[in-house]
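One letter stands for each residue in the lines below.
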Amino acid sequence: MKLHPQQAPLYGRCIVTVQLTEEEVAADDGDVDYFLSFVGSTQRHLTSTLRSSHDTLEALCPAHDCCEVVLVTLCSFSPALPKAHEDRRSCLGHVHPLAEHRFSFVQDLAFDMAQFLVSTAGRSDGLEGALLLNECGIPLEECERLDESLALALQHLVLPPEWSLMGRKVNENTDLHPQETLLHFAARRGLCQVTRFLLQQSGAREALRLANREGHTPSAVAALGGHRRLQRLLHK
């Protein structure tokens, strides 16, 4: 077999294509299911496949816990036909390992960005570097890809204990000084999936009503950028 791609970000969720060899295709009797086994140093994953053509399989890559090279094994499963005297439930079928391939889990740009953003929460100057993105004319398609990959990376991160969008515990009587929050960052770029993740985190209520140094709340920032769907999300 051949795998494409041969690496994936730690948060997974990309499509892995498996190209079967002529021998593997010839051995397929039509009543076979395939799955992939990912074996790393501390984690193992099993994922099912879908057949996209007579010699091509597709699988959704799992998430992994660390950057490393893992062993991927293509396995086939054939249901066993019970004999007349056997209980059908006891015949589970036969699993056969067919081929092996090395596969790398890596830390990509989205994961690096997720770690950086989490570290800036509550710091008055933490997002100044991220504001440089506003000077770049990032195409809409690129923003949509960033939204998906960054949201997945944030979900995969193990957040520090007591982590908050505000960087500290706040209450209704806390005097909130104007600052740029992660919600402002997401609103500027129209990142809906990232915003949905942030709204589920501690400190989201306070961040929603907090203005930045220009006097804009996250909802106002989204409106100024023409991100109407995100503006409605931030109004909830």
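Residues numbered from 1 in each chain as written. Predicted model: local features only at pLDDT ≥ 70, side-chain atom pairs only at ≥ 80, totals over all residues. Heavy atoms only, no water.

Enquirer: Residue-level account of helix α2 (residues 109-120), with values.
Expert: Here α2 contains 12 residues, and its C-alpha end-to-end distance of 17 Å stays within 8% of the 16 Å for a straight helix at 1.5 Å per residue. Trailing α2 by a residue or two, glycine 122 shows a phi angle of about 85°, which is positive. (Helix = DSSP H or I, 4+ residues; strand = E, 2+ residues; numbered from the N terminus. Expected span 1.5 Å × (residues − 1).)

Enquirer: Any details on the confidence of the model for the protein? Residues and values, ideally.
Expert: When pLDDT drops low, the exact placement of atoms in the prediction is not to be read closely. When the pLDDT values of the protein are averaged, the result is 85; 81% of them are 70 or greater. Mean pLDDT values over the elements of the protein span from 80, in helix α1 (residues 22-26), up to 97, in strand β2 (residues 7-9). (pLDDT = per-residue confidence, 0-100.)

Enquirer: Got a sec to walk through empty space enclosed by the protein? Specific residues and values, please.
Expert: Applying the stated criterion across every chain yields a total of two cavities of 30 Å³ or more. Roughly 40 Å³ of volume is contained in the second largest cavity. Along the walls of the second largest cavity sit Leu117, Leu154, Leu182, Phe185, Val194 and Leu198, which together make up its complete lining. Mapped by element, the contributors of at least two residues to the lining of the second largest cavity are α4 (182-189) and α5 (192-199). (1 Å grid on protein atoms, 1.4 Å probe; cavity = no way out; pocket = protein on both sides within 12 Å on 5 of 7 lines; lining within 4 Å. Points joined across faces, edges and corners; volume = space filled by probe spheres on them.)

Enquirer: Which residues make up the pattern of salt bridges, and what are the values?
Expert: The full count for this structure, using the stated rule, is two salt bridges. With a shortest N-O distance of 2.6 Å, glutamate 180 and arginine 188 are connected by a salt bridge. Looking at arginine 188, the relative accessible area reads 24%, which means it is partly exposed. The partner of glutamate 214 in a salt bridge is arginine 188, with the nearest N and O atoms 3.9 Å apart. Taken together, the residues glutamate 214 in the loop between α6 (204-209) and α7 (218-224) and arginine 188 in helix α4 connect sequence positions 26 residues apart. In the salt-bridge network here, residues are joined through shared partners; they are Glu180, Arg188 and Glu214. (Salt bridge = Lys/Arg side-chain N within 4 Å of Asp/Glu carboxyl O. Buried < 20%, exposed > 50% of the residue type's maximum accessible area, 1.4 Å probe, protein only.)

Enquirer: So what's going on with the pairing of strand β3 (residues 15-19)? Which residues, and what values?
Expert: Of the two faces of β3, the one holding Val16 and Val18 is buried and the one holding Ile15, Thr17 and Gln19 is not buried anywhere. Of the pairings in the sheet, the one linking strand β1 (residues 2-4) to β3 comprises three bridges and is antiparallel in character. For leucine 3, the partnering residue across the bridge sits in β3 and is valine 18. Bridging between β3 and strand β7 (residues 56-60) involves five bridges; their strand directions are antiparallel. Following the sheet pairing, isoleucine 15 is matched in β7 by leucine 60. (Pairing = 2+ DSSP bridges.)

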